[in-house]
Amino acid sequence: MNRIDQLFQNKGKDILSIYFPAGYPNLEDTIPTLQLLQDKGVDLVEIGIPFSDPLADGPVIQLAAKQALDNGMSLKKLFSQLKDARKTITMPLILMGYWNVVFKYGVDAFLADCQACGIDGVILPDLPLEEYEEEYKAKFEAHGVYHVLLVTPETTDERMVKIEKAAKGFLYMVSTSATTGGAVEQSKEREDYFKKVASLDIPSLIGFGIRDKQSFQHASSFSDGAIIGTAFIKALEKGNAAEFIDALL
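About the cut-offs
- Residues numbered from 1 in each chain as written.
- Predicted model: local features only at pLDDT ≥ 70, side-chain atom pairs only at ≥ 80, totals over all residues.
- Heavy atoms only, no water.
- Helix = DSSP H or I, 4+ residues; strand = E, 2+ residues; numbered from the N terminus.
- Buried < 20%, exposed > 50% of the residue type's maximum accessible area, 1.4 Å probe, protein only.
- Contact = heavy atoms within 4.5 Å.
- Areas by Shrake-Rupley, 256 points an atom, 1.4 Å probe, with all protein chains shown as cover.
- Lys, Arg positive; Asp, Glu negative; His and termini not counted.
- Charge placed at Lys NZ, Arg CZ, Asp CG, Glu CD.
- Core = buried A, V, L, I, M, F, W, Y, C linked by side-chain atoms within 4.5 Å.
- Arc of directions from axis to C-beta.
- UniProt positions renumbered as here; feature names shortened; annotations may be inferred.
- Polar contact = N/O pair within 3.5 Å; in protein donor to acceptor, adjacent residues only side chain to side chain.
- Pairing = 2+ DSSP bridges.
- Right-handed = clockwise from strand over helix to strand, strands pointing away.
- Salt bridge = Lys/Arg side-chain N within 4 Å of Asp/Glu carboxyl O.
- Axes fitted to C-alpha atoms, helices over the stretch in contact; angles between N-to-C directions.
- Parallel < 35°, antiparallel > 145°, perpendicular 65-115°, else oblique.
- Left-handed = near helix turned anticlockwise from the far one by under 90°.
- Nonpolar A, V, L, I, M, F, W, Y, C, P; charged D, E, K, R; others polar.

1. Quick notes on the overall build of the chain
Within the chain, the regular secondary structure consists of 12 helices and nine strands. Considering only C-alpha atoms, the chain reaches an extent of 45 × 45 × 35 Å along its principal axes. Counting all 249 residues of the chain, 54% fall into the buried class. Within the chain, contacts between residues at least 6 apart in sequence are counted, and of these 74% link residues at least 24 apart. Accessible area of the chain: about 11,100 Å², with a carbon and sulfur share of 49%. Between the centroid of the 25 positive side chains of the chain and the centroid of its 35 negative side chains there is a distance of 3 Å.

Next comes the structure, spelled out in C-alpha cells:
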C-alpha cells in the first residue's frame, strides 16, 4: 500500500504535513531536516524542488528556493541525497515542484528515480489534469507514484468532481487564491468551500496560510489536516525548527 493511503487509513485526522525546499538553508540539510521532522512526529513531508520561477509561492519560499539553487541544489542532486533516505525515514514523502524541471529532467527518469528513492507522490501545480491523464497517468501508476491534485476556491463544482475521480492519496485544498505565506481568511464563504471539499470521497489537507497551532487546528476542523510551509521555512532560517514543531503538536 502507498504510504500516503496507509497514513490516512491509520490516522485520518489532524495530519500535519510540512513543506520545505531541498537544500535549504544549506545544501546538505535535506536529510537532517527530514529526520528532525520524523523524530518530532510530523506525519507527512513535502520536499520542494527549488525552481527559479515558482509562480504559486510567496516571497519567503521564493527566497528560500533561490538560496537552495545558489547552494547548488538540483533535481539530480536531490535524488542523490534521497537514495538512502528510506534506511531511516518511514513517513510518506512527496516531491513538490514545477513541471518545467521534471520535463527537462525527463519524465521517465524522474519517475524511475522517485520510485528508487521511495517517493510516494508528487505535487506539480502547473501540470494540467487533462495532459496528465492523456500522456502521463499510466507512467505514474506504473512507478507507484501518486499525482496529488489541487483544488482552489475558484475550482468549479463540475471540475471538482472530475478532480475527485482522478485524484490519488488526498486533495491539496488551497485555502486562498493568493500565493503562499498569507493568512487564511475566516469567512462563511471560505468555510463553505472547505466543507464542500471535505464532503468529497477522498481525504484533503488545507494549505496556504497555515502558520501556527491555532490556524492548524482551525484548518483541521474542516479537513483531515493541514500543510505548513512558509512558517516552517522561517523557523529553519532562525534555527528553531525543532521548537516550532513542538509548539504545533
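Next comes the rest of the account.
2. Remarks on the nonpolar core
Counting residues in hydrophobic clusters, the biggest one holds 89 residues, and the most contacted among them are L95, F110 and F232. Residues within four places of L95 in sequence aside, it is in contact with I47, I49, L78, F79, L82, F110, C114, I119, G121, V122 and I123.

3. Quick notes on helix 2 (residues 30–39)
For helix 2, the full list of buried residues reads T30, T33, L34, L37 and Q38. In an axial view of helix 2, the angular spread of the buried residues amounts to 135 degrees, which keeps them on one side of the axis. A positive backbone phi angle near 95 degrees is found at G41, which sits one or two residues after helix 2.

4. Re the UniProt feature "active site" (unreviewed entry) in the chain
As recorded in UniProt, the sites labelled "active site" (unreviewed entry) are E46 and D57. With a relative accessible area of 0%, E46 lands in the buried category. Residues in contact with E46, not counting those within four places in the same chain, are S17, I18, Y19, F20, I94, M96, I123, F170, Y172 and I227. A polar atom in the side chain of E46 sits 3.2 Å from the side chain of S17. Within the secondary structure layout, D57 lies in the loop between strand 2 (44–48) and helix 3 (59–71). A relative accessible area of 10% means that D57 is categorised as buried.

5. Considerations on the pairing of strand 1 (residues 15–21)
A large share of strand 1 lies buried, amounting to seven of its seven residues. Neither face of strand 1 is exposed, since I15, S17, Y19 and P21 on one face and L16, I18 and F20 on the opposite face are all buried. Where strand 1 meets strand 9 (residues 225–228), four bridges bridge the pair, whose relative direction is parallel. In the strand pairing of strand 9, L16 is matched with A226. Relative to strand 2, strand 1 runs parallel, the two sharing five bridges. Paired with P21 across the strands is G48, a residue of strand 2. Note on the crossover from strand 1 through helix 2 to strand 2: the handedness is right-handed.

6. Let's talk about the pattern of salt bridges
Following the criterion strictly, the structure yields 13 salt bridges and no others. Ionic pairing is found between D84 and K87, a salt bridge with its closest N-O pair at 3.6 Å. Owing to a relative accessible area of 37%, D84 belongs among the partly exposed residues under this scheme. On the basis of relative accessible area, K87 is assigned to the exposed category, the value being 68%. Residues participating in the shared-partner salt-bridge network are R3, R86 and D120.

7. As for the packing of helix 4 (residues 75–82) against helix 6 (residues 107–117)
For the pair helix 4 and helix 6, interaxial distance at closest approach is 9 Å and the crossing angle is 20 degrees. As judged from the angle between their axes, helix 4 and helix 6 are roughly parallel. As helix 4 packs across helix 6, the resulting crossing turns out to be left-handed. Only F110, D113, C114 and C117 of helix 6 make contact with helix 4, whose side of the interface consists of L75, F79 and L82. Looking at the contact of helix 4 with helix 6 residue by residue, the classes come out as six nonpolar, no polar and one charged.

8. Overview of unusual backbone geometry
Note that the residue after Y24, namely P25, is joined by a cis bond; omega there is 0 degrees. Here P25 lies in the loop between strand 1 and helix 2. In this model, D14 sits at a positive phi of 55 degrees, which is unusual for a non-glycine residue. The residue D14 is located in the loop between helix 1 (3–10) and strand 1 in this model. Residue F208 is not a glycine yet carries a positive backbone phi of 80 degrees.

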